[in-house]
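One letter stands for each residue in the lines below.
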Amino acid sequence: GAVVSQHPSWVICKSGTSVKIECRSLDFQATTMFWYRQFPKKSLMLMATSNEGSKATYEQGVEKDKFLINHASLTLSTLTVTSAHPEDSSFYICSARDWLAGGLRTDTQYFGPGTRLTVL
Amino acid sequence: QKEVEQNSGPLSVPEGAIASLNCTYSDRGSQSFFWYRQYSGKSPELIMFIYSNGDKEDGRFTAQLNKASQYVSLLIRDSQPSDSATYLCAGTSGTYKYIFGTGTRLKVLA
């Protein structure tokens with residue numbers, strides 16, 4: 001099956017610093033990746049859609065200057081949380097779109113293991 | 001507003017029973033539907049997808065889709081305590097983005 005990795009799996013940082021999270025599709029090329037955040041006992045909230053070679057599309061209410069997304073290659077997207085504050089503490093999860101999952105033309109998202117961010 | 005709705009649960013079933021998880025959606029244009037399992041503190045894991053009316057079976061899991069009723073379900077046969085998790089239903093929204101439900105928490109009692 002399709003494998004997506006994320007790094008780091010957890011990070012603790014001081015308020016005001018920036019944190020970069022990497023998302024990689026390991027065995028398939030992903031022209032589109034997605035970034036979600038999830039608060040405890042809540043559902044996934046889509047933050048942005050990351051397209052290889054173009055600017056990310058952010059969901060309403062998500063600050064694009066705070067959450068910088070770069071999709072530099074077909075297997076790598078990065079999310080940088082700039083000037084992080086305690087309210088940015090959350091579980092960040094990326095997914096990669098495989099439109100040819102299992103040989104069938106069905107868009108399928110495969111999720112990375114997530115990054116738990118704690119801002120002190 | 002396009003929505004996918006799920007009962008939050010918890011749904012409790014005894015070990016060995018059939019667990020039935022349900023999902024309704026509002027967008028008639030949704031083409032494909034996905035079931036993910038999410039253990040506490042972990043990311044979602046794909047169980048299966050379905051895009052044709054009817055049933056689709058994969059091991060102990062059966063997904064059912066009824067587009068006329070805008071209804072998707074997931075049946076888990078011979079439920080095990082290891083199946084205890086939150087199950088997320090998602091549908092495509094006309095683009096390649098998903099609309100996720102809020103999830104149903106399943107508890108399988110040993």
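Further up the page is the structure itself.
Just so you know, these numbers come straight off a predicted model, no measurement behind them.

*Asks:* What is the right way to read the overall build of chain B from this model?
*Replies:* In terms of helices and strands, chain B carries zero helices and eleven strands. Each helix and strand of chain B, placed in order from N terminus to C terminus, yields the pattern β-β-β-β-β-β-β-β-β-β-β. Here the C-alpha radius of gyration of chain B, 13 Å, is about what a compact globule of 110 residues would show, namely 13 Å. Along the three orthogonal principal directions, the C-alpha set of chain B runs to about 40 × 30 × 20 Å. In chain B, buried positions account for 45% of the 110 residues. By sequence separation, contacts in chain B at least 24 residues apart represent 53% of the contacts at least 6 residues apart.

*Asks:* Sorry if this is basic, but what is going on with the packing of aromatic side chains here?
*Replies:* For any pair of aromatic rings, geometry is given as the distance between the ring centres together with the angle between the planes. The final tally for this structure, using the stated rule, is 13 aromatic pairs over all chains. Plain terms: the ring middles of F34 of chain B and F49 of chain B are 6.0 Å apart, the flat faces sit at 50° to each other, and that makes the pair tilted. Within this pair, whereas F34 of chain B is found in strand β4 (residues 33–38), its partner F49 of chain B is found in strand β5 (residues 45–50), the two being separated by 15 residues in sequence. Look at F34 of chain B and you get buried, because its relative accessible area is 0%. Here the aromatic residues Y36 and F111 of chain A together with F34, Y36, F49, Y51, Y98 and F100 of chain B are joined through ring pairs into a cluster of three or more. R116 of chain A extends its terminal NZ or CZ atom over the ring of F91 of chain A, reaching a point 4.2 Å from the ring centre. For the cation-ring pair, K56 of chain B lies above F49 of chain B, with the distance from its terminal atom to the ring centre recorded as 3.9 Å.

*Asks:* Explanation requested: the sheet that holds strand β6 (residues 54–58) of chain B in the structure shown.
*Replies:* Think of a sheet as strands paired side by side through backbone hydrogen bonds, with each pair either parallel or antiparallel. Residue and element names in this part refer to chain B. What the five strands build is an open sheet, ordered β1-β3-β8-β7-β6; its pairing is antiparallel. The sheet is open, and its two borders are formed by β1 (4–5) and β6, each paired with just one other strand. Examined bridge by bridge, β1 and strand β3 (residues 19–25) share two bridges and lie antiparallel to one another. When the sheet's bridge partners are listed, V4 is paired in β3 with Y25.

*Asks:* How do you make sense of the state of the cysteines when you look at a structure like this?
*Replies:* Here, the word disulfide means a covalent bond between the sulfur atoms of two cysteines. Inspection of the entire model under this criterion finds two disulfides over all chains. Disulfide pairing is shown between C23 of chain A and C94 of chain A; the S-S distance is 2.0 Å. Its S-S torsion of about 80° marks the bond between C23 of chain A and C94 of chain A as right-handed, since a negative value means left-handed. Residue C23 of chain A is located in strand β3 (residues 19–25), and its partner C94 of chain A is located in strand β9 (residues 90–98); the two are separated by 71 residues in the primary sequence. For C23 of chain A, a relative accessible area of 0% corresponds to the buried category. Overall, C94 of chain A belongs to the buried group, its relative accessible area being 0%. In this model C23 of chain B forms its disulfide with C89 of chain B; the gap between the sulfur atoms is 2.1 Å. Residues C23 of chain B and C89 of chain B are joined through a disulfide that is left-handed, its torsion about the S-S bond being -70°. Placement of C23 of chain B in strand β3 and of C89 of chain B in strand β9 (residues 85–92) is noted, with a sequence separation of 66 residues between them. Under the relative-accessibility criterion, C23 of chain B is labelled buried at 1%.

The rules behind the values
- Residues numbered from 1 in each chain as written.
- Chains lettered and ligands numbered in written order.
- Predicted model: local features only at pLDDT ≥ 70, side-chain atom pairs only at ≥ 80, totals over all residues.
- Heavy atoms only, no water.
- Helix = DSSP H or I, 4+ residues; strand = E, 2+ residues; numbered from the N terminus.
- Rg over C-alpha atoms; globule rule 2.2 N^0.38 Å.
- Buried < 20%, exposed > 50% of the residue type's maximum accessible area, 1.4 Å probe, protein only.
- Contact = heavy atoms within 4.5 Å.
- Phe/Tyr/Trp six-rings, centres within 6.5 Å; stacked < 30°, edge-to-face > 60°.
- Lys NZ or Arg CZ within 6 Å of the ring centre and 35° of its normal.
- Pairing = 2+ DSSP bridges.
- Disulfide = S-S within 2.5 Å.

All quantities given are derived from atomic positions and should not be read as evidence of function.
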